[in-house]
Structure formats: C-alpha cells, structure tokens
Amino acid sequence: MTNKAHQAVEEVWREEAARVVAGLARLTGDVALAEELAQDAMVAALEQWPRDGVPNNPGAWLTTVAKRRAVDLFRRRERHDEKLAELARTFTDVEEQPEPDAIEDDVLRLVFVACHPVLTTQSRVALTLRLLGGLSTDEIARAFLTPEATLGQRISRAKKTLAKERVPFEVPGREELGERLEAVLEVVYLIFNEGYTATAGDDWIRPHLCEEALRLARLLEELLPREPEVHGLRALLEIQASRLGARTDANGDPILLPDQDRAKWDRGRIAAGLAALDRAGTGPYALQAAIAACHARAETAEATDWGRIAALYEQLAPSPVVELNRAVALAMAYGPEAGLELVDELAGEPALQAYHLLPSVRGDLLARLGRDEEARAEFRRAAELTRNERERALLLARAGVS
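Residues numbered from 1 in each chain as written. Predicted model: local features only at pLDDT ≥ 70, side-chain atom pairs only at ≥ 80, totals over all residues. Heavy atoms only, no water.

J.: For this particular structure, what's the right way to read the overall build of the chain?
T.: Summing up its helical and strand segments, the chain has 19 helices and 2 strands in all. The globule rule puts the C-alpha radius of gyration for 402 residues at 21 Å, and the 23 Å found for the chain is close to it. Going through the 402 residues of the chain one by one, you find that 50% of them count as buried. Across the chain, the fraction of contacts at a sequence separation of at least 24, relative to all contacts at a separation of at least 6, is 64%. Carbon and sulfur atoms make up 47% of the accessible area of the chain, which totals about 19,700 Å². The chain carries 51 positive and 67 negative side-chain charges, and their two centres are separated by 3 Å. (Helix = DSSP H or I, 4+ residues; strand = E, 2+ residues; numbered from the N terminus. Rg over C-alpha atoms; globule rule 2.2 N^0.38 Å. Buried < 20%, exposed > 50% of the residue type's maximum accessible area, 1.4 Å probe, protein only. Contact = heavy atoms within 4.5 Å. Areas by Shrake-Rupley, 256 points an atom, 1.4 Å probe, with all protein chains shown as cover. Lys, Arg positive; Asp, Glu negative; His and termini not counted. Charge placed at Lys NZ, Arg CZ, Asp CG, Glu CD.)

J.: Whenever I open this one, the packing of aromatic side chains confuses me. Can you help?
T.: Aromatic ring pairs are reported here in terms of the distance separating the ring centres and the angle at which the planes meet. As enumerated under the stated definition, the model contains 3 aromatic pairs in all. Relative to Trp61, the ring of Trp49 lies with its centre 5.4 Å away and its plane at 70°, an arrangement referred to as edge-to-face. Linking Trp49 in helix 2 (residues 31-52) with Trp61 in helix 3 (residues 58-75), this pair joins segments that are 12 residues apart in sequence. Considering the side-chain rings of Phe192 and Tyr196, the 5.7 Å spacing of their centres and the 20° angle between planes classify their relative orientation as stacked. Of this pair, Phe192 and Tyr196 are both found in helix 9 (residues 174-196), 4 residues apart, which corresponds to roughly one turn of the helix. Each member of the pair, Phe192 together with Tyr196, is buried. Over the aromatic face of Trp265 sits the side chain of Arg243, whose NZ or CZ is 5.6 Å from the ring centroid. One cation-aromatic arrangement involves Arg247 over Tyr196; the distance from NZ or CZ to the ring centre is 3.8 Å. (Phe/Tyr/Trp six-rings, centres within 6.5 Å; stacked < 30°, edge-to-face > 60°. Lys NZ or Arg CZ within 6 Å of the ring centre and 35° of its normal.)

J.: Please clarify how the environment of Asp261 should be interpreted in this entry.
T.: With respect to the helices and strands, the residue Asp261 is situated in the loop between helix 11 (228-241) and helix 12 (267-279). Between the alpha carbons of Asp261 and Arg247 there is a distance of 8.8 Å; along the sequence they are 14 residues apart. Side-chain polar atoms of Asp261 contact the backbone nitrogen of Ala263, separated by 3.0 Å. (Polar contact = N/O pair within 3.5 Å; in protein donor to acceptor, adjacent residues only side chain to side chain.)

J.: Explain the pattern of salt bridges to me, please; I cannot follow it from the model alone.
T.: Between side chains of opposite charge, a pair can form as their charged atoms come close. Scanning the model with the defined rule gives 23 salt bridges in all. Here Arg326 and Glu323 are joined by a salt bridge, their closest N and O atoms 2.9 Å apart. Pair noted here: Arg326 and Glu323 are both in helix 15 (residues 320-334), with a separation of 3 residues, about one helical turn. You'll find Arg326 and Glu323 in the same group, each marked buried. Note that Asp364 and Arg398 form a salt bridge whose closest N and O atoms lie 3.1 Å from each other. Remark: Arg398 occurs in helix 19 (residues 389-398) and Asp364 occurs in helix 17 (residues 357-368); sequence separation between them is 34 residues. Since its relative accessible area comes to 25%, Asp364 is described here as partly exposed. Classification of Arg398 by relative accessible area gives partly exposed; the value is 34%. Within this structure, Arg218, Glu221, Arg234, Glu238 and Arg279 form a network of salt bridges that share partners. (Salt bridge = Lys/Arg side-chain N within 4 Å of Asp/Glu carboxyl O.)

J.: Hey, could you run me through the confidence of the model for the chain in this one?
T.: Low pLDDT marks stretches whose predicted atomic positions should not be read closely. Taken over all residues, the pLDDT of the chain has a mean of 87, while the share at 70 or more is 91%. A low-confidence stretch, residues 92-103 (pLDDT under 50), is modelled with 11 contacts involving residues beyond four sequence positions or located in other chains. (pLDDT = per-residue confidence, 0-100.)

J.: Explain the packing of helix 11 against helix 13 (residues 284-297) here, please?
T.: How two helices sit against one another is set out by the angle between their axes and by the gap between those axes. With their axes 8 Å apart at the nearest point, helix 11 and helix 13 run at an angle of 30° to one another. In terms of their interaxial angle, helix 11 and helix 13 are classed as roughly parallel. The chirality of how helix 11 crosses helix 13 is left-handed. Contact residues: helix 11 offers Glu229, Gly232, Leu233, Ala235, Leu236, Ile239 and Gln240, while helix 13 offers Pro284, Tyr285, Ala286, Gln288, Ala289, Ala292, Ala293 and Ala296. Here the residues of the contact of helix 11 with helix 13 are counted per class, giving 11 nonpolar, 3 polar and 1 charged. (Axes fitted to C-alpha atoms, helices over the stretch in contact; angles between N-to-C directions. Parallel < 35°, antiparallel > 145°, perpendicular 65-115°, else oblique. Left-handed = near helix turned anticlockwise from the far one by under 90°. Nonpolar A, V, L, I, M, F, W, Y, C, P; charged D, E, K, R; others polar.)

So, in structure tokens, the structure goes:
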C-alpha cells in the first residue's frame, strides 16, 4: 500500500500541482506562499495516504489541506481577520459571476500574473514554467540552455519581486494583455515542448504536460481571438500533439518521425490545427505551425516537402537551435553534405555545447555519408549529454553500444 500511495501522490502532483498552486495564489495573493502551501500539502499526503488510504478526490484533498494550512498561517499574522473571512468564504460561498472579459481559469490567471511586466521576460517564462508545468529547476534550465544555478536564482528573484511589488493576483485589464502576451505564449510553448520530449527521466514523452499546454492555448484563443500569434500557437500545438500516439512503442521507447505509423496520427487534431493556421499570421509560432503542417499533409515520410520546410526555417528569427533544425531540413532536401556544412558551422556556438541534439544530428548526417566510426562517436557524445533515459538508450544503440 505504501508504494501505491506514494505513486498516487506523485501522479496527483503531476496532474494537479498547477491547479492547486493557482487556486491558492488567488486566495492568498502570494505566489511564493501558494507554492509553499501546496508543497506542504504534498508532504502531508506522503505521510497520511500510506496510513489512511488514497482519498476519492486526491486533488481536492491537497487543496483542502493547503487551505487549512493557509488559515493556520494567517491566524498567526496581523490583519488575520480579513484574510480568514476571505478564506472561509471559499469553503461556503458560490463565487460571483465573472465579468465578460475575465479569465475564468485560475491556471491561466496565474500565467498572466507570473508574466507581470515587473519581471524580465526570462524570469516571467521561468517562473510560470516552474509553477504551471511542475518542472524542476534543472528541467527548465535545460529548456533555456541556461546553467541550473543561474535559473534557480532567476526564479527565486522573480518570486521576491512579485511579493515586493505587491503584484495582485487578478486579471489584467485588456489594455495590458498585449505586453504580457509574448511571454505567456512562450511559457505555453515550453510547457508543451517538455511534454513532447522530456528533458530528463524515464519517459520519452509526458502527455499530461502537452494536454495542459494545449488546454491553455485553447483558452488563450478564446480570450484573444483577434491575436494572430495565439492562433499560430494553437495550430502548432494541435498539429504536434496529433503525433503523440505514434511517438512511442508499446514499451515506451521512442519512434522517430520517419518511422512513425502515420495512421496513428490524430486527424481530428490535425484538422483543428490547420483551421487555426488559417487564422494565424506570419509570426514565429505560425511559421513553426506551417512547418508542422508540411509533415501533417504528407501521406508518407518520403512525400514531405523538405524544400519548403527549409525555406520556412529561413523566415524564422535566427538562433542556434533554429539553424540546427534548418540543417536537418537542408540535409533532407538537398543531401547530407548540405546539412553537415551548416552543423559544422554551429559546432562553436556556446549555447549548443551541452545540447545533445547537436552531436545527435551530426551523427545522423555522418552515418548517411557512410562515415560510420565518426557517427558512432557523435552518438556516444549525444548519449552522454542527454538526461532522458529512453533517448540515451536510443543513442547508445545507434552508437553500437549494447
């Protein structure tokens, strides 16, 4: 029972942490405190569930325990009467109907609060990813290609800044939404990416993160129907999510794009993504969605229009990762030599020195050129750099390591 209960706590935390933290942040008005209370509730679950059994509604259990701890905390603080009354109402009163423009989702509200202009763009994204994605500091650091210590300091400073500036946990006015939108979209995008290809752990994909990011993208689209990039992000995530059922085999091992059974791709999500793409503009998410659409429209891997994909990458703002992806497209469209030339130019990029996909791509291109020994060395290096166990096994297999 103990192992089962511990597993249940971990699963509930993965699924409910964002909602629990968001609800507590609305009630307490303090993001850092909300996260602390939620984590205290998780510790209580680890202590009690093995003894008493897993409750019927474990997410609600965590929220209730966290709220009670909040009440206990405010009892020990000045001005506690007003806060106690506010918290007490959350157990009994029916919430008032929100205004038409209100964000009716605590999780989405938390995104906008964490993306407040008092924070730098990087801090907004990192903090929101930590609170909503349930990701560790290490996982977020890898997503940003940033040292873990630097990222941890950034998140800590962001929480302190929100508290110091007394940023209210409220829906921003419509006139303020635009300035926060870029960071919000990036947060949702990074959450999805962590679910689509996990940076660490035993699982190649974390579907619950993809689903959460897609849910947020849909809510954003409802909130801001006139923002082209919101439609672009929705299009990208829908099309990418359509492949989730084909990205792993029965054992959870990765299946790379050329080898996927396209009959398993979710055609409903592809259709939804293409419809959103029609409403998108020409921003970075729309361009990435157009790239994803090239794959979705191809009936076979061989039918993919790699020339168009390479051209679309050229329209994106240049960055080391974009250039690495463009190298793959060039190799597929015009031969591995074309891709390898660009990859070799990227070898000195500081941001890619610990990025496992650089040697992975280089190894693939070398293998296609028949330079097998060099390719195996690159795959071994890529395996050393990745933190994902499934990916490491795949890379070691390609390196010929049993």
